[in-house]
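Commentary on secondary and tertiary structure
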Amino acid sequence: MALFAIARVTFQEALRDKLLHVAAVFGALMIGFTLLLGGLSAGEDLKIIQDFGLGSINALMVLLAVFLGSRLLSRDLEQRIVYTLLSKPISRGQFLAGKFLGCSLALWALLGLLSLLFFGLLAVVTQRFEPIFLGPLALFGLEAMVMLSLTLMFTTMTSPMLSLLYSLGFYVVGHASEIIKQFGEKADAVGKALSVVIYYAMPNLETFNLKNQVVYGETFALGQWIWACSYGLSLVTVLMLLAILAFRSKELQ
Amino acid sequence: MSANRLKHSQSGFTLIEVTLAIVIGVVVIAGATVLYNQAKNGAANSAAQSKVGAAASVIEEFAAKNFGKYPDATQFTNAWVRARPDDHANSPWGGPSGDTDGVITGTALGDQNTAIAAADGNIGAIEYRVATTRTAYSVFDMQTESTKSVRNYGVWIYNGKGEGPNFVMGGK
Amino acid sequence: MRLLPTALALLVAGSCTLGSLLRWESEAASRPPGLLSVPPQTALQLGATGFRNMLADALYLRFVAYWGHQLTHGRNFHNLYPLLSAIVELDPRFLSAYQMGALALGDAGEPLKAVELLEKGAAHQPENWFFPYQTGMTLFFFHDDYLLAAKYFERAAELPGAPPEAGYFAARMYEKGERVELSIATWKAIYLGTDNPSVKEIAKRALANHGIDVPE
């Protein structure tokens, strides 16, 4: 099927992308660096290693998803590849979905590599394997897919630079919506109304954030994790549908 | 001839740019190393102070169980080892706990005016740095400059009149 | 030709850096020694996004390095409480921050700020004996308020998982605060409220020390 062929090619291109290589090296360095940071913690080295390790992987996945997503379509448009492809019996929706799938696979491949490094480091420090971190790590991949689909949606409507900025802005607000609502409760009527609108309109990206609790050894309910996965997949579906709709009506020059 | 002429490449770096990048890299790494060492010393001092606070708690817990009677050297050592089974002998500044050279045998506690200081030894060839705290009874505040060589960890008990150290806990 | 823009860029960057450093040095005299700057709480809360623990850890590393450095370089402590408060607001379960923070604040002559810090933790985890226990220790070590310390130790002793030392300290604090009758009542409550033979024995000896027969 054309979608999978495009996905395969996109995946291979993404693996050859220098940005991914730099991200992988940077991620490995960051995870190694947490060992040095642990030495500065006066007895809290394990917590520092876990927090910084998970935080680095999370941040890197989100940033890479946004940067790759902003270039995914624009590069093909600049190099006129999209015209060649769309002249074949491939719908615009299939093309975009294939691009998204291929790029997502590349992100998951990077996540797998960084997760291995993280577990390796933890095994060196604690001499055991901690499976509890698998859940939060998987949600990092899902959050990256959400950010990728969001960025792709913006790319079909505006320039790559603006789509990058919008996506990062959505990320910040998506995580801070609870805090904004709390601040809004102390504000005037307009501020309060605005904070409520933001709280309900923006996607709640904190749903994918389990890293803060697993560091304290707290297990999370399977139901909570399944809910987060369902929420993520729903968001991806909605955002990709919007992206496809926008791309269908986009005039390609 | 024209076939052998190389196309002008736009992806290379000049020698000056490479040299500059190396110089900047070396400066940044040197600066980062200095900052890291400063932060490491600071963290170790904090860890020592925290251990001193824990030592004070151990002593007061003993007194609470024994109607206000403070532990002697052996009792304190035993209580300290029980309280910190994993790191009672570790130096916050790296390395194992104190050398037994120059160990001063303890005198019995029971004097209400005692303070506790934790330090790396300065007995014989061992250099030291000091962290202090106070018990409920007395304040004994002492500062020394941190030194370069940090190998050992011990706890000294001073009496409130400023005399001491009269006890060393640590060693093998 | 590529040298000229590079050289110009370096010249501008170098001048700006040098100017900033000179200005920083000239203003150094008006700054108190050992000043620690802390970002505003609102900015931290909003900027942390999904990385609250990581940011709290970064601030904790800052605190540990600063406190340790000042311990041997003048003991000029500034803004300890704002920094520690920021850490525990971002990560309310960070027990080391509370423990070391309370020790640092007490040692720096701000025991009541240490109590305030621990009360923040207690508000977040009211069933955790750690917070009233540490508060009692802080008041004992750094504020000499034995009766208030006793109340905190009593509160700690009532919470699940509390060590028996919480009760012992409550009794000892009452004694140091010259409320011997309360100390005796506390030892009696310890004796009657436990099945642990070693705890019972300690309480029995403490009561005997006060000349009190062991109650039936």
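The text that follows walks through the structure, step by step, so that each part is easy to find.

**As for the overall build of chain C**
The helix and strand inventory of chain C stands at 11 helices and zero strands. Relative to the globule expectation of 17 Å for 216 residues, the C-alpha radius of gyration of chain C, 25 Å, shows a markedly less compact shape. Seen through its C-alpha atoms, chain C measures out along the principal axes to roughly 100 × 40 × 25 Å. Out of the 216 residues belonging to chain C, those deemed buried represent 43%. Taking all contacts inside chain C whose residues are at least 6 apart in sequence as the whole, residues at least 24 apart take part in 51%.

**Remarks on the overall build of chain A**
Each helix and strand counted, chain A has 10 helices and zero strands in total. A compact globule built from 253 residues would reach a C-alpha radius of gyration of about 18 Å, and chain A, at 20 Å, matches this within 12%. Structurally, chain A occupies a C-alpha span of about 60 × 50 × 30 Å along its principal axes. Every one of the 253 residues in chain A was classed for burial, and the buried ones make up 42%. Within chain A, counting contacts between residues at least 6 apart in sequence, those at least 24 apart form 78% of the total.

**Quick notes on helix 1 (residues 15-65) of chain B**
The first and last C-alpha atoms of helix 1 of chain B sit 74 Å apart over 51 residues, in line with the 75 Å expected at 1.5 Å per residue. Backbone geometry just downstream of helix 1 of chain B places F67 of chain B in the positive-phi region, at approximately 45°.

**Some points on the interface of chain B and chain C**
It is common to give the size of an interface as the accessible area that goes away when the parts come together. In this assembly, 28 residues from chain B lie in contact with 24 residues from chain C. Counting residues per element, the ones that place at least two in the side of chain B that touches chain C are helix 1 and strand 2 (130-133) of chain B. Ranked by the residues each element gives to the side of chain B that touches chain C, the list is headed by helix 1 of chain B, at 17 residues. Per-class residue counts for the side of chain B that touches chain C are nine nonpolar, 14 polar and five charged.

Procedures and definitions
- Residues numbered from 1 in each chain as written.
- Chains lettered and ligands numbered in written order.
- Predicted model: local features only at pLDDT ≥ 70, side-chain atom pairs only at ≥ 80, totals over all residues.
- Helix = DSSP H or I, 4+ residues; strand = E, 2+ residues; numbered from the N terminus.
- Rg over C-alpha atoms; globule rule 2.2 N^0.38 Å.
- Buried ≥ 20, exposed ≤ 12 C-beta atoms within 10 Å, placed from the backbone.
- Contact = placed C-beta atoms within 7 Å.
- Expected span 1.5 Å × (residues − 1).
- Nonpolar A, V, L, I, M, F, W, Y, C, P; charged D, E, K, R; others polar.

Nothing here speaks to function; it is geometry throughout.
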